[in-house]
Structures are given as structure tokens and as C-alpha cells.
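Summary of structural features
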Amino acid sequence: MTLKIGVIGTGAIGQDHTRRINQVLAGAKVTALNDVNRANAESCQRDYAPDAQIFDDAHALIASDVDAVLVCSWGQTHEEYVLAAIAAGKPCFCEKPLATTAEGARRIIAAEQAVGKRLVQVGFMRRYDPGYVALKKAVKDVTGAPLMIHAAHRNPRVGENYVTPMAIHDTLIHEIDVLRWLLDDDYVSAQVFFPRKSPRAHEKLRDPQIVVLETAKGVVIDVEVFVNCHYGYDIQCEIVGEDGIAKLPEPMAIQTRSGAVLGQQILTDWKDRFIDSYDYELADFLKAAARGTAAGPTAWDGYVAAVTADACVAAQESEGTPVKIDLPARPALYD
Ligand SMILES: NC(=O)c1ccc[n+]([C@@H]2O[C@H](COP(=O)([O-])OP(=O)(O)OC[C@H]3O[C@@H](n4cnc5c(N)ncnc54)[C@H](O)[C@@H]3O)[C@@H](O)[C@H]2O)c1
Ligand SMILES: O[C@H]1[C@H](O)[C@@H](O)[C@H](O)[C@@H](O)[C@H]1O
């Protein structure tokens with residue numbers, strides 16, 4: 001059976017996921033598209049899903065004959081659509097963030113628990129990246145118990161609509177999830193420090209920033225978030241353990257020797273950096289959706305990320321003072 005998929009939000013990632021489902025992966029087809037900007041849905045239809053129907057209303061798309069839904073619209077709209085997909089009993093892949101507030105994410109886990117089975121997968125694709133998977137294995141086999149993590153999340157540039165809290169909700173959110181998964185640990189506090197501002201950052205953005213997270217097991221993590229670094233898209237992660245160190249590999253690139261310079265190209269676009277992981281996460285989603293459920297990162301993971309992100313945003317405002325992170329017990333559905 002070919003699974004019928006509806007995609008809400010057909011901008012950069014919505015189009016890329018549509019291409020992935022229709023041209024790369026097996027077992028599913030995008031049959032329905034929605035975007036508040038109809039022109040985006042039309043271009044997605046033209047380029048990747050010529051047989052798909054365009055819906056002007058996302059709720060009508062969810063209620064249609066689609067078997068599963070992908071939510072790829074802007075972050076603040078995710079909660080509404082994920083709740084509607086759960087109410088319709090349809091498996092739902094939601095791009096990060098699950099919700100832009102912890103309260104919103106809590107409503108989603110409450111709705112999913114009321115149904116009594118998993119229906120939501122959150123788009124934390126780094127868990128599927130072969131580099132991070134190898135790093136997790138190294139924590140078990142090589143580094144010994146982790147003591148510290150040094151990480152960096154650098155984007156070449158961002159648009160005018162990207163404001164200071166987005167460095168957390170939109171960007172750091174990947175580290176919030178993947179580092180907790182790597183360590184099998186949860187966060188207990190967050191602090192944010194602002195170095196001198198880059199002249200490339202616009203008026204409403206303080207950039208770069210350094211976020212310091214402490215975990216329940218006492219690991220201290222520093223993440224540099226620098227979204228106007230100019231030179232490339234650069235993701236770094238180094239785990240320092242009791243017995244050794246493990247570092248995320250660089251993406252494959254040829255080395256050049258020319259003009260007395262040893263060179264290696266750096267990627268510039270996030271779409272290329274985790275290209276395999278996007279394929280793997282969606283393949284996982286489609287496999288589970290065919291059974292009427294969801295796999296991979298859970299709504300609980302999305303909730304924990306949202307609670308942590310809220311604390312980080314509060315820490316941005318409290319200028320270096322640590323902000324505590326308190327989590328309720330994990331519901332049985334997510335064990
Ligand atoms: N996992 C990742 O690495 C990754 C990468 C990029 C984006 N994302 C996430 O995906 C989401 C979309 O990001 P993007 O880069 O594709 O943004 P984008 O601006 O390119 O596309 C978003 C699309 O959603 C549409 N939209 C906005 N509100 C809507 C609504 N209420 N109903 C229907 N459509 C609506 C917009 O018109 C736009 O076409 C964001 O949450 C972002 O954080 C995740
Ligand atoms: O939505 C994007 C995407 O999630 C990228 O992976 C991240 O590096 C960017 O900072 C963010 O804006």
C-alpha cells in the first residue's frame with residue numbers, strides 16, 4: 001500500500017521533504033499540499049508533486065484522505081496542526097520545534113497520552129546522522145563517562161526576521177536535543193553569555209552567544225551559537241570524558257594543496273550538512289506511519305527541548321545568571 005502524505009508548509013524544508021518522499025524514499029507519496037502562501041504550494045506541486053491536490057486550509061488537508069501529515073510551516077504554527085493531526089488519529093511528523101513554548105508542547109503530550117499511542121515524531125534529525133551515531137557509540141566504548149562537551153552551531157547568515165530568542169528555539173534546539181540523547185541525561189540549568197556583538201548582526205539580534213548547560217549527572221556543556229559567522233555552515237561537537245575525547249567528524253570533502261595552502265571546503269547550506277539524516281528520519285517515520293503509529297524522537301523529547309529552550313531564553317534575559325530547569329516525571333507512553 002502506498003501511504004498518502006499531506007504536507008503543511010511548503011517552504012524550504014517542506015519542499016525538500018516532498019522531494020525526498022516522492023523521489024528518494026519508497027512506500028509513500030505526497031498527495032496533498034498546503035501553504036498560507038499558495039504560490040509556495042504551487043511551486044512545490046510543479047517541481048516535486050505534480051499529482052498532489054492543493055488545499056487552501058490546512059485543517060481540510062488533515063481531514064482529507066491523507067494517511068499521515070508532515071508539519072513544515074513556521075514554528076509558532078506547529079502546535080495547532082499537530083493537535084489537529086492527533087485529534088484525527090493520523091501519524092504526524094513535525095519539524096522542530098514541536099511548539100515554541102513548553103506549555104504548547106505539554107498540550108501535545110497530553111493529547112497524545114489521551115489517545116494512548118504514539119502519533120508524533122519530532123524532526124530532530126541529528127539523531128540519525130552517522131557522525132552523531134558514531135559519537136554516541138564512542139561515549140560507550142572510548143571516552144569513558146563524559147565530563148564536558150564543547151559544541152558550536154554556526155550559520156553563515158540569517159534574515160532580518162531572525163531575532164535573539166530564535167538562536168535558541170530555531171538553532172540551539174538541535175543541540176538541546178542531540179546532546180541530551182548523546183549523554184542519556186537531562187538538563188538542570190542554563191546560562192547565556194554574550195560576547196561583543198558581531199557587526200554583521202542586525203539590530204534585533206544579539207550574535208554570537210554562548211549557552212552553558214549543566215546536566216543532572218554533572219556534565220557541563222558550552223555551545224557557541226553564531227548565526228552570522230559568514231564563512232560557512234559549521235557544526236562542531238567534542239565530548240571530553242574521563243578516559244578520552246571524541247569529536248564529530250567533518251563532512252566528507254576533498255583536500256587540496258595549491259599555492260602553498262592545504263585546503264578543505266566547508267559547506268554553506270544546512271540542507272547539505274545532514275542530507276542523509278533527513279532521509280533516514282523520514283524513512284523511519286513512513287515505516288511507523290504505515291502501522292498507524294510514530295517512531296524516532298518523541299513528543300516528550302519535543303517537550304523537554306521546549307522546557308529547556310524556555311529556560312535558555314530566560315537565561316538570555318538574565319545576563320549570565322543561571323536559570324533552573326525542572327522537568328516532571330516522564331509519562332509511561334514515552335518509556
Ligand atoms: N530540521 C532541520 O534541520 C530544519 C531545517 C530547516 C527548517 N526547519 C524547521 O522547519 C520549519 C520551516 O522552516 P523553513 O526553513 O522551511 O521555513 P520557510 O519560511 O522556508 O517555509 C515555511 C513555509 O510555511 C508557510 N507557512 C507559514 N505559516 C503557515 C501556516 N499557518 N499554515 C501553512 N503554511 C504556513 C510559509 O508560507 C512558508 O512557505 C521551521 O519550524 C524550521 O525550524 C528544520
Ligand atoms: O531552521 C534552521 C535549521 O534548523 C538549521 O539546521 C539550523 O542550523 C538553523 O540555525 C535554523 O535556522
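Below is a short write-up of the structure. (Residues numbered from 1 in each chain as written. Chains lettered and ligands numbered in written order. Predicted model: local features only at pLDDT ≥ 70, side-chain atom pairs only at ≥ 80, totals over all residues.)

**With respect to the pairing of strand S8 (residues 187–193)**
- Across 6 bridges, S8 lies against strand S9 (residues 209–215) in antiparallel orientation. Following the sheet pairing, Ser-189 is matched in S9 by Glu-214. (Pairing = 2+ DSSP bridges. Helix = DSSP H or I, 4+ residues; strand = E, 2+ residues; numbered from the N terminus.)

**Points about the site of ligand 2**
- Near ligand 2 you find Asn-155, Asp-170, Thr-171, His-174, Val-227 and Trp-270, and these make up its full shell.
- The element contributing the most residues to the shell around ligand 2 is helix H7 (residues 166–183), with 3 residues.
- A breakdown of the residues in the shell around ligand 2 according to their chemical character gives 2 nonpolar, 3 polar and 1 charged. (Near = placed C-beta within 6 Å. Nonpolar A, V, L, I, M, F, W, Y, C, P; charged D, E, K, R; others polar.)

**Some remarks on the sheet that holds strand S5 (residues 92–94)**
- In space, the 6 strands of this open sheet follow the order S3-S2-S1-S4-S5-S6, with parallel pairing throughout. In this open sheet, the two edge strands, each paired with only one partner strand, are strand S3 (53–55) and strand S6 (120–122). The average undirected angle you get between the axes of adjacent strands in this sheet is 25°.
- Taken together, the 3 bridges between strand S2 (residues 28–34) and S3 define a ladder with parallel strand orientation. Within the sheet, the bridge partner assigned to Asn-34 lies in S3 and is Phe-55.
- Its contacts with the sheet place helix H9 (residues 275–289) against strand S1 (3–8), S2, strand S4 (68–71), S5 and S6, and it is angled at close to 125° to S1. (Axes fitted to C-alpha atoms, helices over the stretch in contact; angles between N-to-C directions. Contact = placed C-beta atoms within 7 Å.)

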